[in-house]
There are 8 protein chains.
Amino acid sequence: MTSNKGSEASAPRIGVVMGSRSDWETMEHASTTLTRLGIVHEVRVVSAHRTPDLLFDYADGARGRGIQVIIAGAGGAAHLPGMLAAKTALPVFGVPVQSKALNGMDSLLSIAQMPAGIPVGTLAIGRAGATNAALLAASVLALHDPAVAEALDAFRAEQTRTVLDNADPRT
Amino acid sequence: MTSNKGSEASAPRIGVVMGSRSDWETMEHASTTLTRLGIVHEVRVVSAHRTPDLLFDYADGARGRGIQVIIAGAGGAAHLPGMLAAKTALPVFGVPVQSKALNGMDSLLSIAQMPAGIPVGTLAIGRAGATNAALLAASVLALHDPAVAEALDAFRAEQTRTVLDNADPRT
Amino acid sequence: MTSNKGSEASAPRIGVVMGSRSDWETMEHASTTLTRLGIVHEVRVVSAHRTPDLLFDYADGARGRGIQVIIAGAGGAAHLPGMLAAKTALPVFGVPVQSKALNGMDSLLSIAQMPAGIPVGTLAIGRAGATNAALLAASVLALHDPAVAEALDAFRAEQTRTVLDNADPRT
Amino acid sequence: MTSNKGSEASAPRIGVVMGSRSDWETMEHASTTLTRLGIVHEVRVVSAHRTPDLLFDYADGARGRGIQVIIAGAGGAAHLPGMLAAKTALPVFGVPVQSKALNGMDSLLSIAQMPAGIPVGTLAIGRAGATNAALLAASVLALHDPAVAEALDAFRAEQTRTVLDNADPRT
Amino acid sequence: MTSNKGSEASAPRIGVVMGSRSDWETMEHASTTLTRLGIVHEVRVVSAHRTPDLLFDYADGARGRGIQVIIAGAGGAAHLPGMLAAKTALPVFGVPVQSKALNGMDSLLSIAQMPAGIPVGTLAIGRAGATNAALLAASVLALHDPAVAEALDAFRAEQTRTVLDNADPRT
Amino acid sequence: MTSNKGSEASAPRIGVVMGSRSDWETMEHASTTLTRLGIVHEVRVVSAHRTPDLLFDYADGARGRGIQVIIAGAGGAAHLPGMLAAKTALPVFGVPVQSKALNGMDSLLSIAQMPAGIPVGTLAIGRAGATNAALLAASVLALHDPAVAEALDAFRAEQTRTVLDNADPRT
Amino acid sequence: MTSNKGSEASAPRIGVVMGSRSDWETMEHASTTLTRLGIVHEVRVVSAHRTPDLLFDYADGARGRGIQVIIAGAGGAAHLPGMLAAKTALPVFGVPVQSKALNGMDSLLSIAQMPAGIPVGTLAIGRAGATNAALLAASVLALHDPAVAEALDAFRAEQTRTVLDNADPRT
Amino acid sequence: MTSNKGSEASAPRIGVVMGSRSDWETMEHASTTLTRLGIVHEVRVVSAHRTPDLLFDYADGARGRGIQVIIAGAGGAAHLPGMLAAKTALPVFGVPVQSKALNGMDSLLSIAQMPAGIPVGTLAIGRAGATNAALLAASVLALHDPAVAEALDAFRAEQTRTVLDNADPRT
């Protein structure tokens, strides 16, 4: 399993997976945000359609390896987040990757419209969604980890300050 | 495995599966059409999200049991057809079941927009799609089964004749 | 604050809020599911547009009162989940209520398409989404509460069993 | 508060706010149009999600500072116009900024589909909407300000003349 | 011109027009709201397509008759609000009436997507939009009419109180 | 070929065709309108998919039989209007029949989005479109038939008068 | 009125109008096609919103000047074709110009979804629609003009031949 | 008929047709995939609208020439796949080509939403759909051709291996 560079020896707490290497352009914003918050995480490609057995193994083993939240990004007929959620009771947050033809509307509906029984918390299409998946995962960890809570509060305070300090868009 | 009523002892050649019991209202039109064409088939509920292991077992075992085509219906974030296709090289035809809020647009996109590598032949939303999935499966069997070919040709000829015999919509 | 009926004297851990009384028809499925999992929660109407100050007060006070996750349902131009998330770092899960004209597509986009910085985990439109918001909240609590974890696992096992026990949709 | 450059010492009558600095590319067309009509206005970034308290302060203080109309632009899950309208009885006109993935359809629905009770007058997606928000605000001021009425009539007459003077698109 | 029943002899200040008699089911909510706020208004059917000359006459004469705001409702290819705005510099607020086939999405786009130069402030599809058009028109009058300002503030305060007084949706 | 009831012995000048008997509920409004304008026409079911040869024969023979305009209604993947236009140079007007799942959006796009080279003049979804197809066909005949021109002008004058005579929607 | 270059002294039979100079990029394909078919036509900008009086004058005078068909292109909230049709009983064919934000979906619905009573024959979005509007107008003229009929048949025969002569897309 | 280059003398088993030369950019991915799997196929342009007779001839003759599956790609109002299916009982798989204005949503609905009676198995919009149409056709041939079955299994195994061997998207 590929752990994230520059993290301590501690085990990853968040799994960031995506259906294709091309999704990294989007999903790296989840990874960057987690790193900025000091949260150890792992990153890997798991394709629901091309590697279904890996998907099942990943979901089956996640809890045991210490993963607390799974962030999954996929595009088009995006089945990865929902199928991970079908195989694990861990919280799964889905990121609809912007697709070529339909701009991610297909990704969004494929992830958000889960039937009752198996939930996926869906974020926005594209980069904003990837960043927010990391922030949402952090908010979950923050419930029992004061360091993450502090980092998250600082992150939010800073982004508020940035807006306040740049109130005039013409400058 | 539930075989279709009234069929001979011969093994089913088509598997008709659906993600929920409520999909039967739609998918029975696939079963009815297959029966009308004399094609032995099986029918069962396989939920991608609530019974993922069954989904994998079903797909893994289908070819060995003599299944030649799988027809899969699902609604909303409809992952069943695509995940079956991920686990078997048999032809999989997907039927988007009309969903409550979005009228099946979510089902259609979740089934049709598969990434390159794993195909699902998608039919129309709802009852028309279920009927057509059966006809498409029959056309596949017909390539090597003269009895099915004959039944299919007869079916098509009759529906043509029905239109021709009822040309005036006012009567 | 209205606590849920039949719960012990213990403080609520989940807040279930909605923008209008008419959303209760949808959101009661969140409450029912939480109750079934034995999770103490509170329920109330908070309108982003008609009671914006209450919205702020609710979000400001939630963490201090012991709330760990907020579930927010709203329809149309649904601002409630996003504005709650703007005011608290607690995890917020949004339920798009099916709207009259656009069937909840407006609700879905208004909740899911949050800009980077403030996340809302969005569930499906309507009743399925309300049920799943409760399950997702439970999965968060389950990370540190073995009783909830056990209840959630039992819930999932039972729904799997129900599908397996009713494999033939014709019966 | 940032007043618009080149205006007289008189207090701004229109507030032009936007959710992000990146919205300025769109919203400057509102400001340019107001300036062309000689209407003193202020311009600033107010983020519903990153600076919710500022949003409330802005809305609370607007009437007292002499603001008569608020023009608010935002994209994606665009909550700024609706939340301003929730906090002030001044007329609020919303401009859906064209979003990256969904081309502003999410912005449009998030702004236009307000529930009964709190109105936002919504303009077109993007630059045309920003220009028109200024013209609509001017039409409100013109009801009691002959100078604005005259400027607006002149603006409209000139744009009519421009079309009439360039009737042949081939030249 | 049909004045509203029960109003004093004073001239109407708001014109409520609609493209078809069948739009009254929607637009009566604008009229009811104006009446509740004590605003004298007129109501009539003006069809952009079936009575284009009347449309022009209505728009040409509105300002002279003391109309300050026009509220126009229409469905489908809804041209009434935009064409009124083309003929008068008065503020025009458009209400997209829910259409049979496309649920008002066609109405919304036909009204909201005006090109730069001629503005229409668009409200939500259907009844909510009709009510809000009245409230938005009232907010315009309120800028120079203390009685309307007071009535509007009272209306808003009451709807806030109603939510606060009914916080528990289960009762 | 089924001629319309009650017409003289003269040959039909307009062909009204539809893909299915169930489309008659919509298309009868075309027939009724033509009859009201005194235009002899024929009505029949021609299915692009179930009777493709009939479709070709119909299009090939239309001009020779004196048909001047073809009105074609179909729903879903509506190929009838476009395929008729591919086989005849007569003007073809298409009516998108409201479909069950997608409310006619599929019908509209299947008819309107013809590639360059083969035109179909598309009307609105459903009954309004059927009525208008008849009016548009009448406007074509009216170019060289004073009786039709007169009937069409009378029709339009009457519908204008009806609106003017019923200006108050409350009565 | 601007007549088309290179035409004989004969009066124009088709009017090609558009809402904005920027629509020429699309609408020139209508003009080019008419010229290729030898049909004298006129071209001009008529803005429904910026020059409503011109629109009415144009529609009122068209028949008298010998115009037999009007082709009207517009984008966004595209009111030009429908308002022309409201003012003249001549056949009006509408071309939805591809809009910036919504790719012409707004244009299409604003033109196609006319209510019963006033028809517009709508073509495809963009260049294909402009070309086809010319071909459809030609098919109307061809009913009574053998030269146009011949030119149209030749045009269609040539485009068929072009496809047949280039059957292999790889060469 | 154009056979594919580099194939043996054996007759083509798959027909790959498309509505326009410009569709080749998409459809070549079907051809490339078939070639990679060693499946002899033919490629040609058949326009439903510009060469309807060729369409009928192609469909009529396909079975007799040994074609077992037809893959048809088209964009916009895409009638080619459905009309081929109307004329032959062979399996027809449709590829919605991404259209300029609506990004292939029109193509998708025009192909997928076939009425009951005539089926088309629809793949994803664009290149992914073209590749998958070839894979789906191969899965049909594989039912009775061990060589194709082996090639298909190898193709799928390799794409699985490629994902597994490149699990870290950052490298």
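Residues numbered from 1 in each chain as written. Chains lettered and ligands numbered in written order. Predicted model: local features only at pLDDT ≥ 70, side-chain atom pairs only at ≥ 80, totals over all residues. Heavy atoms only, no water.

Novice: Even after reading the chapter, I still don't get the interface of chain C and chain D, so can you show me in this structure?
Specialist: Where interface size is given, it is often the accessible area lost as the parts come together that is meant. Contact residues are listed per partner, giving 22 residues for chain C and 23 residues for chain D. Taken together, both faces of the contact between chain C and chain D bury some 2,000 Å²; the carbon and sulfur share is 69%. Summed over the shared surface of chain C and chain D, the result is two salt bridges. The salt bridge partner of Asp 53 of chain C is Lys 87 of chain D, with a shortest N-O separation of 2.6 Å. There are nine residue pairs in polar contact (both at pLDDT 80 or more) connecting chain C and chain D. (Contact = heavy atoms within 4.5 Å. Buried area = accessible area lost by both parts, 1.4 Å probe. Salt bridge = Lys/Arg side-chain N within 4 Å of Asp/Glu carboxyl O. Polar contact = N/O pair within 3.5 Å; in protein donor to acceptor, adjacent residues only side chain to side chain.)

Novice: Please clarify how the confidence of the model for chain A should be interpreted in this entry.
Specialist: Interpreting fine coordinate detail is not advised for predicted regions of low pLDDT. Residues of chain A with pLDDT of at least 70 account for 95%, and the chain-wide mean is 95. Here residues 1-8 of chain A is modelled with pLDDT under 50, and outside its nearest four sequence neighbours on either side it reaches 21 contacts, counting other chains as well. (pLDDT = per-residue confidence, 0-100.)

Novice: Where do I start with the relation of the copies chain E and chain D in this structure?
Specialist: The operation relating the pair of chain copies consists of a rotation about an axis and a translation along that axis. Least-squares fitting of chain E to chain D yields an RMSD of 0.0 Å, with the superposition described by an axial translation of 0.0 Å and a rotation of 180°. Within this description, the copies of the chain are treated as partners about a two-fold rotation axis. Here 100% of the contact residues of chain E are again contact residues in chain D; the copies associate through an equivalent surface. (Least-squares fit on C-alpha atoms with pLDDT ≥ 70 in both.)

Novice: Whenever I open this one, the pattern of salt bridges confuses me. Can you help?
Specialist: If charged atoms from side chains of opposite charge come close, those side chains can pair. All chains considered together, the criterion is met by 56 salt bridges over all chains. The closest approach of N and O atoms between Lys 87 of chain C and Asp 60 of chain C, which form a salt bridge, is 3.6 Å. Of the two residues, Lys 87 of chain C sits in helix α3 (residues 80-87) while Asp 60 of chain C sits in helix α2 (residues 52-62), which places them 27 residues apart along the sequence. Note on Lys 87 of chain C: relative accessible area 14%, which makes it buried. If you follow the salt bridges from partner to partner, you end up with Asp 53 of chain A together with Asp 60 and Lys 87 of chain B in one network. (Helix = DSSP H or I, 4+ residues; strand = E, 2+ residues; numbered from the N terminus. Buried < 20%, exposed > 50% of the residue type's maximum accessible area, 1.4 Å probe, protein only.)

Novice: Can you walk me through the interface of chain E and chain D in this structure?
Specialist: Counting from both sides, the interface comprises 41 residues of chain E and, opposite them, 41 residues of chain D. Of the roughly 3,200 Å² buried between chain E and chain D on both sides combined, carbon and sulfur atoms contribute 61%. In terms of surface lost to chain D, no three residues of chain E exceed Pro 119, Leu 143 and Arg 156 of chain E, which account for 18% of the buried area on that side. Here Arg 63 of chain E ties to Asp 153 of chain D by a salt bridge, and the two come within 3.5 Å at their closest N and O atoms. Broken down by secondary-structure element, the contributors of at least two residues to the side of chain E that touches chain D are α3 (80-87), β4 (92-97), α4 (105-112), β5 (121-122), α5 (127-142) and α6 (146-165) of chain E. Ranked by residue count, the leading element in the side of chain E that touches chain D is α5 of chain E, at seven residues.

Novice: Explanation requested: unusual backbone geometry in the structure shown.
Specialist: It is generally the case that most residues other than glycine have a negative phi and that most peptide bonds are trans. The phi dihedral of Asn 103 of chain A is positive, around 60°, even though this residue is not glycine. Relative to the assigned elements, Asn 103 of chain A resides in the loop between β4 (92-97) and α4 (105-112).

Novice: Any chance you could explain the environment of Gly 129 of chain G here in plain terms?
Specialist: Residue and element names in this part refer to chain G. Mapped onto the elements, Gly 129 comes out in helix α5 (residues 127-142). By relative accessible area, Gly 129 is classed as buried at 0%. Through-space distance from the C-alpha of Gly 129 to that of Thr 26 is 8.7 Å; in sequence the pair is 103 residues apart. Those residues in contact with Gly 129, other than ones at most four positions away along the chain, are Val 95, Leu 123 and Ala 124.

Novice: Help me out: how do you make sense of the pairing of strand β3 (residues 69-75) of chain F in this one?
Specialist: Within a regular beta strand, the side chains point alternately toward one face of the sheet and then the other, so they alternate between its two faces. All names here are of chain F. β3 sits mainly inside the fold: six of its seven residues count as buried. Note: strand β1 (residues 14-18) against β3, five bridges, orientation parallel. When the sheet's bridge partners are listed, Ile 14 is paired in β3 with Val 69. Here six bridges tie β3 to strand β4 (residues 92-97), and the two strands are oriented parallel to one another. Bridge pairing in β4 places Gly 75 opposite Val 97. Once the chain exits β3 it traverses helix α3 (residues 80-87) before rejoining the sheet at β4, and the crossover so formed is right-handed. (Pairing = 2+ DSSP bridges. Right-handed = clockwise from strand over helix to strand, strands pointing away.)

Novice: Would you explain the environment of Phe 155 of chain H in this entry?
Specialist: Residues and elements named next belong to chain H. Examined against the element boundaries, Phe 155 turns out to sit in helix α6 (residues 146-165). Judged by its relative accessible area of 10%, Phe 155 falls in the buried class. Distance from Phe 155 to Thr 33, taken between C-alpha atoms, is 9.7 Å for residues 122 residues apart in sequence. Once residues within four sequence positions are removed from consideration, Phe 155 is found in contact with Thr 33, Arg 36, Leu 37 and Leu 135.

Novice: Looking at this model, I keep getting lost on the UniProt feature "domain: PurE" (unreviewed entry) in chain A. Mind explaining?
Specialist: When the UniProt feature table is mapped onto this chain numbering, "domain: PurE" (unreviewed entry) sits at residues 12-163 of chain A. Between the end C-alpha atoms of residues 12-163 of chain A there is a gap of 32 Å, over a span that is 49% helix and 16% strand. (UniProt positions renumbered as here; feature names shortened; annotations may be inferred.)

Novice: Please clarify how helix α1 (residues 24-36) of chain A should be interpreted in this entry.
Specialist: Within an α-helix, residues lying three or four positions from one another point in the same direction, as the helix has 3.6 residues per turn. All names here are of chain A. With 13 residues, α1 should cover 18 Å at 1.5 Å per step; its first-to-last C-alpha distance of 17 Å lies within 8% of that length. In this fold, the buried residues of α1 make contact with β1 (14-18), β2 (41-45), β3 (69-75), β4 and α5 (127-142). Looking one or two places after α1, you find Gly 38, whose phi comes out positive at around 75°. (Expected span 1.5 Å × (residues − 1).)

Novice: Can you walk me through the UniProt feature "binding site: substrate" (unreviewed entry) in chain A in this structure?
Specialist: All names here are of chain A. When the UniProt feature table is mapped to this numbering, "binding site: substrate" (unreviewed entry) covers Ser 20, Asp 23 and Arg 50. Positionally, Ser 20 belongs in the loop between β1 and α1. The topology assignment puts Asp 23 in the loop between β1 and α1. With a relative accessible area of 7%, Asp 23 lands in the buried category. Ignoring any residue separated from it by four or fewer positions in sequence, one finds Asp 23 in contact with Met 18, Gly 73, Ala 74 and Val 97.

Novice: How should the arrangement of the chains be read in this particular structure?
Specialist: A gap remains between chain B and chain G, with no contact made and the closest C-alpha atoms lying 17 Å from each other. The smallest C-alpha distance separating chain C from chain H is 17 Å, and no contact links them.

Novice: Explain the relation of the copies chain C and chain D here, please?
Specialist: By a simple turn and slide, chain C fits onto chain D: the slide is 0.0 Å along the axis, the RMSD is 0.0 Å, and the turn is 180°. Both copies share a contact surface, since 100% of the interface residues of chain C are interface residues in chain D too.

Novice: Sorry, what's going on with the pairing of strand β2 (residues 41-45) of chain D here?
Specialist: Residue and element names in this part refer to chain D. Of all five residues in β2, five are buried, a share of seventy percent or more. Where burial is concerned, the two faces of β2 agree: the one with His 41, Val 43 and Val 45 and the one with Glu 42 and Arg 44 are both buried. Here strand β1 (residues 14-18) runs beside β2; their pairing, made up of five bridges, is parallel. Within β2, the position partnered with Met 18 by the bridge is Val 45. Read from β1 through helix α1 (residues 24-36) to β2, the crossover connection turns out right-handed.

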